[in-house]
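Chains, contacts and geometry: an overview
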Amino acid sequence: MLKILFLSTSVGSLGSGQGGGVELTVQNVAQELLRRGHQLEIVAPEGSWLTDIPVTTIAGKLQVPVQTLRRDQSICLPDNSVLAKMWDYARQVQQHYDLIVNFAFDWLPFYLTPFFETTIAHFISMGSMTDASDRIMHQIIQQYPGTFGVYTQSQADTFSFAQDCKILGSGIDLSLYQLNPYPEASLAWLGRIAPEKALEDAVAAVNITGMPLKIFGKMQDQNYWSKICHDYPEAPIEYLGFLDTEKLQQELGKCRALLMTPRWIEAFGNVAIEALACGVPIIAYRRGGPAEIVRDGETGFLVEPDSIAGLAAAINQIEQINRLTCRQQAEAEYSLVALGDRFEAWFNQLVNN
Ligand code: UDP
């Protein structure tokens, strides 16, 4: 039995959607480790909640998401920084834990690593973002080999220390997602509404094919959304807000396919495996995490990156995909047990070293 302290992302409270897929990953890893009898405390910004798991919340100003910064941006902490306060709390309670796990993609937790007595594992949830964070990560992984975990190989490959990252993938509680064999004539797009996700490409594609597109997710950049609506006034799109898992899986299951059109190298794309679990095939650019998840021609289609025509062609062939095969892939590769096995092995290795 391990005693582990989780430090969540500091760009948003758990449950808000502001933190993106890592919020679901924190929930899922925590849930599975608790089920296995480990002892866990989860520290997160004020307002955070998880399903059936208590959270220690800390007040303070949120961190600016690193993906909105320029590569050469200086390191930045707001006054009354929640990130700084979370790590101050961790410092005070560290002697009660075998391991601290950092889920924040920020410079500070890496920088603080040598100042702690307790081992710190870093789960890195995005690809390379800024020079400052790359530099500190590079330094820390040299000093503490084996302490970095990532979602996928494509994500690891964005860093100079790719070979030092442990690939952990992702997983979901499959019992919360139902296979829906009888979809309606609509498509889904899921995620934070922000430029790196390139929602405009999905909108451009349905503007050609005419199949309605339902959009779900956190409205992170209102100006970006307004521009899309302005640029495609006739597109058959509907924004349905940010839904909880239960409602999301219901709505997602009704859709013929999930469109994944990120411009950046998506570290994983938790929405991909949520779609598979509902029996929903994925049409994604052949880049980043989705390219490692989708079995081209079997559980979706991989399209030339940034090709709207490619997306449109794949939409027109979506009937070829068997929805049961999608659900089966999720069951075979993305269960909580599989996820828990990988994280548990990583944590055991770090504690026993
Ligand atoms: N999501 C949600 N409700 C919605 C739309 C999305 O809870 O209405 C969640 C989804 O379950 C996923 C996250 O938002 O966990 C998006 O994560 P993903 O890994 O796809 O991308 P990221 O935001 O990390 O770049």
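Shown above is the structure to which this text applies.
Calculation rules
- Residues numbered from 1 in each chain as written.
- Predicted model: local features only at pLDDT ≥ 70, side-chain atom pairs only at ≥ 80, totals over all residues.
- Heavy atoms only, no water.
- Core = buried A, V, L, I, M, F, W, Y, C linked by side-chain atoms within 4.5 Å.
- Buried < 20%, exposed > 50% of the residue type's maximum accessible area, 1.4 Å probe, protein only.
- Contact = heavy atoms within 4.5 Å.
- Helix = DSSP H or I, 4+ residues; strand = E, 2+ residues; numbered from the N terminus.
- Arc of directions from axis to C-beta.
- Polar contact = N/O pair within 3.5 Å; in protein donor to acceptor, adjacent residues only side chain to side chain.
- Near = heavy atom within 4 Å.
- Nonpolar A, V, L, I, M, F, W, Y, C, P; charged D, E, K, R; others polar.
- Axes fitted to C-alpha atoms, helices over the stretch in contact; angles between N-to-C directions.
- Parallel < 35°, antiparallel > 145°, perpendicular 65-115°, else oblique.
- Pairing = 2+ DSSP bridges.

Among the nonpolar cores identified, the biggest contains 83 residues, and Phe6, Leu199 and Phe347 are the most heavily contacted of them. Excluding anything up to four places from it in sequence, Phe347 contacts Leu2, Ile4, Phe6, Leu33, Leu99 and Val101.

Here the focus is helix α11 (residues 308-316). All of the buried residues in α11 are Leu311, Ala312, Ala314 and Ile315. Buried positions in α11, seen along its axis, are confined to an arc of 165° and lie on one side of it. Away from the buried face of α11 by more than 90 degrees, exposed residues Ala309 and Asn316 are located. Put simply, Ser307 is the residue that caps the front of α11, since its side-chain oxygen is 2.8 Å from the backbone nitrogen of Gly310.

A few words on the site of the ligand. Taken together, 17 residues lie around the ligand, and Gly21, Arg192, Lys197, Leu243 and Glu274 are the ones closest in. Here an oxygen atom of the ligand and a side-chain polar atom of Glu266 are 3.4 Å apart. Taking Val271, its main chain carries an N or O atom lying 3.4 Å from an oxygen atom of the ligand. At the level of secondary structure, the elements contributing two or more residues to the shell around the ligand comprise α1 (21-35) and α9 (270-277). The leading source of residues in the shell around the ligand is α9, at three residues. Considering only residue class, the shell around the ligand consists of seven nonpolar, six polar and four charged.

Here the focus is the environment of Gln155. Note that Gln155 resides in helix α5 (residues 153-156). Expressed as a C-alpha distance, the spacing of Gln155 and His38, which sit 117 residues apart in the sequence, is 29 Å. If we ignore the near neighbours within four places in the chain, the residues touching Gln155 are Ile124, Ser125, Met126, Gly127, Val150 and Ala267.

Moving on, we come to the packing of α9 against helix α12 (residues 323-333). In the contact formed by α9 and α12, the axes pass within 7 Å of each other and the chain directions differ by 120°. Here α9 lies oblique to α12, going by the angle between them. Counted together, Ile273, Leu276 and Ala277 of α9 and Cys326, Arg327, Gln329 and Ala330 of α12 form the full contact between these two elements. Of the residues assigned to the contact of α9 with α12, the class counts are five nonpolar, one polar and one charged.

Turning next to unusual backbone geometry. One non-glycine residue, Asn80, adopts positive backbone phi at about 55°. Following the sequence through the fold, Asn80 ends up in the loop between β3 (56-58) and α2 (82-93). By relative accessible area, which is 40% here, Asn80 ends up partly exposed. With phi around 50°, Ala198 is a residue other than glycine that occupies positive phi space. Along the chain, Ala198 falls in the loop between β8 (187-190) and α6 (199-209). A residue is classified by how much of its surface remains accessible, and Ala198, at 0% relative accessible area, is buried.

Before going further, it helps to examine the sheet that holds strand β5 (residues 120-124). The parallel open sheet is built from seven strands, whose spatial order is β3-β2-β1-β4-β5-β6-β7. Two strands lie at the open edges of the sheet, namely β3 and β7 (166-167), each paired on one side alone. Relative to strand β2 (residues 39-45), strand β1 (residues 3-7) runs parallel, the two being bridged by five bridges. Residue pairing in the sheet places Leu5 in a bridge with Glu41 of β2. Helix-sheet contacts for helix α13 (residues 336-352) involve β1, β4 (99-102), β5, β6 (148-150) and β7, and the interaxial angle to β5 is about 150°.

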